[in-house]
Amino acid sequence: MERYDLVYRLYDEFDTESLREYQEFVDLFPAIDSRVVLAHWRDASDELEGRKDEIRDGFAAGETFAEVASRATREQAFTALDLEAKYGRAVNVLVLDVDETLRSAGGTDNEIPRDTLHMLTEFHEQGVPIVICTGQTLENVKGFAIQGLGSEIVHSGSLSIVYEAGTGVFTPGHGADTKQLLYEDLDVEIRDVFDDVRARVLPEASEELRRGCHLQGNEFNVTLKPNYETGSSLARETIDEALVYLIDLLADAVGSIVDVGESAEDGGDDDTDESETASENALTAWTRAFYADQDPEIRTVLEQRGAYPDVSTADVPANLAAVLERIDVAYYEADAAEIGSLELNKVVGVERALDVLGIDDPFALVMGDSKSDLRVMEWVADNDAGIAAAPEHASRDTLDHVISSDELVFDQGKSVDLLRTVYALNRFARLG
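To start, this report covers the structure provided alongside it.

Here is what the cut-offs are and how they apply
Every chain is numbered on its own, with residues counted from 1 as its sequence reads. The predicted origin of the model limits local features to residues at a pLDDT of at least 70 and limits the giving and counting of side-chain atom pairs to 80 or more, whereas totals for whole chains, interfaces and linings rest on all residues. Excluded from the side-chain calculation are hydrogens and water; included are all heavy atoms of the structure. Think of it this way: any DSSP run of H or I at least four residues long counts as a helix, any run of E at least two long counts as a strand, and we number them from the N terminus. Relative accessibility under 20% of the residue-type maximum defines a buried residue, over 50% an exposed one, and the middle range a partly exposed one, all with a 1.4 Å probe and only protein chains included. Any pair of residues with heavy atoms lying within 4.5 Å of one another is described as a contacting pair. Only the protein chains shown count as covering a residue, and every accessible area follows the Shrake-Rupley method with a 1.4 Å probe. Residues counted as positive are Lys and Arg, residues counted as negative are Asp and Glu, and His and the chain ends are not counted. Every charge is mapped to an atom, namely NZ of Lys, CZ of Arg, CG of Asp or CD of Glu. Pairs of N or O atoms are called polar contacts if they sit within 3.5 Å, as long as, within protein, a hydrogen donor faces a hydrogen acceptor (for residues adjacent in sequence, only side-chain-to-side-chain pairs). Note on pairing: DSSP must find at least two bridges between two strands before they are called paired. To define axes, lines are fitted to C-alpha atoms, for helices over the stretch in contact only, and angles between the resulting N-to-C directions are given on a 0 to 180 degree scale. Residues qualify for a patch when their relative accessible area is over 30% and they have no salt bridge, like charges being joined within 9 Å and the nonpolar side chains of Val, Leu, Ile, Met, Phe, Trp and Tyr within 5 Å. A pairing counts as a salt bridge when a side-chain nitrogen of Lys or Arg comes within 4 Å of a carboxyl oxygen of Asp or Glu. Each Phe, Tyr or Trp ring (for Trp, its six-membered ring) is paired with any other whose centre lies within 6.5 Å, and the angle between the two planes then decides the class: stacked below 30 degrees, edge-to-face above 60, tilted in between. Two conditions define a charge sitting above a ring: the NZ of Lys or the CZ of Arg must be within 6 Å of the ring centre, and it must be within 35 degrees of the ring normal.

Once that is clear, we can look at the overall build of the chain. Scanning the chain from terminus to terminus reveals 18 helices and 12 strands. A principal-axis box enclosing the C-alpha atoms of the chain has dimensions of 90 × 50 × 45 Å. For the chain, with 432 residues in total, the buried portion stands at 52%. The contacts of the chain with a sequence gap of at least 6 include a subset with a gap of at least 24, amounting to 69%. Only carbon and sulfur atoms are counted for the fraction: they give 43% of the accessible area of the chain, which is about 19,500 Å². Put simply, the chain has 36 plus and 90 minus side-chain charges, and the middle of one group is 8 Å from the middle of the other.

Written out as structure tokens, the structure is:
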């Protein structure tokens with residue numbers, strides 16, 4: 001309890017709120033070529049150091065307490081103490097989703113806030129590697145990473161990008177291991193399914209769907225995004241339609257590599273055209289039923305659009321199910337409909353990134369909001385390899401997991417709050 005008592009004393013006896021305001025001003029003050037402005041910044045820096053010196057002189061571990069007080073609120077500091085007491089170690093890698101986690105269309109104008117970016121640079125300077133783990137394309141992620149963090153950090157050798165939800169890993173500065181295309185390890189037949197769907201997804205879509213959405217420029221996954229504002233009613237209508245269309249297109253593509261035999265025929269009709277139509281209809285029904293059973297959100301969309309099949313998942317032929325079990329259909333309400341490989345997900349990508357970065361004993365902070373992020377959170381929980389955090393608007397299953405573990409839930413657009421908590425955790429952990 002001694003450390004808890006010291007933290008109580010820290011926040012009771014010192015003006016930590018003003019201290020944090022000075023720290024934020026010094027950290028985030030824009031670079032302006034002006035003598036007056038520079039003099040003001042220097043005055044603030046001197047005041048900050050003076051206030052920190054008072055704390056340094058008041059505690060045996062003064063540097064730690066000064067840094068904690070200048071970054072973390074009382075609540076964040078005590079949360080950090082609880083985490084340190086529970087796990088007894090510092091976070092040694094950050095695994096971070098981007099959209100609706102580091103940045104939020106509702107809370108940060110879809111930009112990563114400057115205070116969040118600054119905290120990431122602080123972790124980098126402390127030698128904590130960063131793994132950006134996202135469903136976005138590599139080029140998109142590289143662009144905002146370099147713009148926000150700077151080329152030096154991105155190409156430092158301690159930052160890795162897991163993109164397209166785990167189909168590829170990009171870790172600059174690691175020679176032959178810099179870019180790894182994980183989808184190249186998949187069986188040829190699975191790659192053919194994705195190639196088939198990608199080639200047909202827009203040309204065969206209805207005119208209305210083509211106007212309402214676009215194909216994200218992925219290297220492997222097939223992702224339909226709305227041409228309307230994410231979260232809007234038009235985006236929701238478009239993505240719901242796109243989901244049903246994508247499932248049906250997938251059924252047809254898988255049917256080209258799977259022989260379901262007589263089970264797909266309607267009473268063994270001898271007419272070839274009618275038999276083929278019955279086979280196609282059965283494939284569609286089975287595929288819809290399979291994915292509706294996998295995801296309640298998908299089932300809801302199918303039901304609402306009158307597309308839920310009158311078949312049981314028990315009717316799905318085993319050889320068809322064996323292929324579908326390797327392919328993921330993901331639905332993100334009013335945001336995206338996507339197919340990906342279940343053999344390639346964020347967990348696989350993160351494992352490969354950690355291997356390239358040389359992190360043999362990870363204790364990660366995993367931050368995310370979606371089902372794909374949840375898989376990484378569950379992986380670190382199962383392996384005692386980290387802690388999980390999520391924004392308040394994350395998917396229900398993701399929130400349930402986070403709340404049941406350490407309750408690390410942060411407000412929309414305020415990922416910096418959680419980063420400051422972990423910053424304090426790492427400071428306390430170094431005290432031993």
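One non-glycine residue, A165, adopts positive backbone phi at about 55 degrees. Here A334, not a glycine, exhibits a phi torsion of approximately 55 degrees, which is positive. Here A334 is to be found in the loop between β8 (327-332) and β9 (336-341).

Mapped onto the secondary structure, S372 falls in helix α16 (residues 371-382). Exposure remark for S372: the relative accessible area of 10% places this residue in the buried category. One polar contact links S372 to S370, side chain to side chain, over a distance of 2.9 Å. Ignoring any residue separated from it by four or fewer positions in sequence, one finds S372 in contact with Y332 and K346.

This part takes up the sheet that holds strand β7 (residues 222-226). The antiparallel open sheet is built from 4 strands, whose spatial order is β6-β7-β9-β8. Where the open sheet ends on each side, the last strands, each with one partner, are β6 (213-215) and β8. Taken over all neighbouring pairs, the strand axes of this sheet differ in orientation by 20 degrees on average, direction set aside. Across 3 bridges, the pairing between β7 and β9 is antiparallel. Within β9, the position partnered with T223 by the bridge is E338.

A surface patch of like charges, here negative, comprises E378, D382, D384 and D397. If you trace the backbone, D397 turns up in helix α17 (residues 396-405).

Another aspect to go through is the packing of aromatic side chains. As enumerated under the stated definition, the model contains 11 aromatic pairs in all. The interplanar angle of 45 degrees and the centroid separation of 6.0 Å between the aromatic rings of F14 and F59 together place this pair among those described as tilted. Here the residue F14 occupies a position in the loop between α1 (2-13) and α2 (16-28), and F59 occupies one in the loop between α3 (35-58) and α4 (62-71), the gap between them amounting to 45 residues. Accessibility assignment for this pair places F14 and F59 in one class, buried. Members of the aromatic cluster, each reached through a chain of ring pairs, are F14, F59, F65 and F428. Over the ring of F59 we find R9, and its NZ or CZ is 4.3 Å from the ring centre. Between K371 and the ring centre of Y332, over which it is positioned, the NZ or CZ distance is 6.0 Å.

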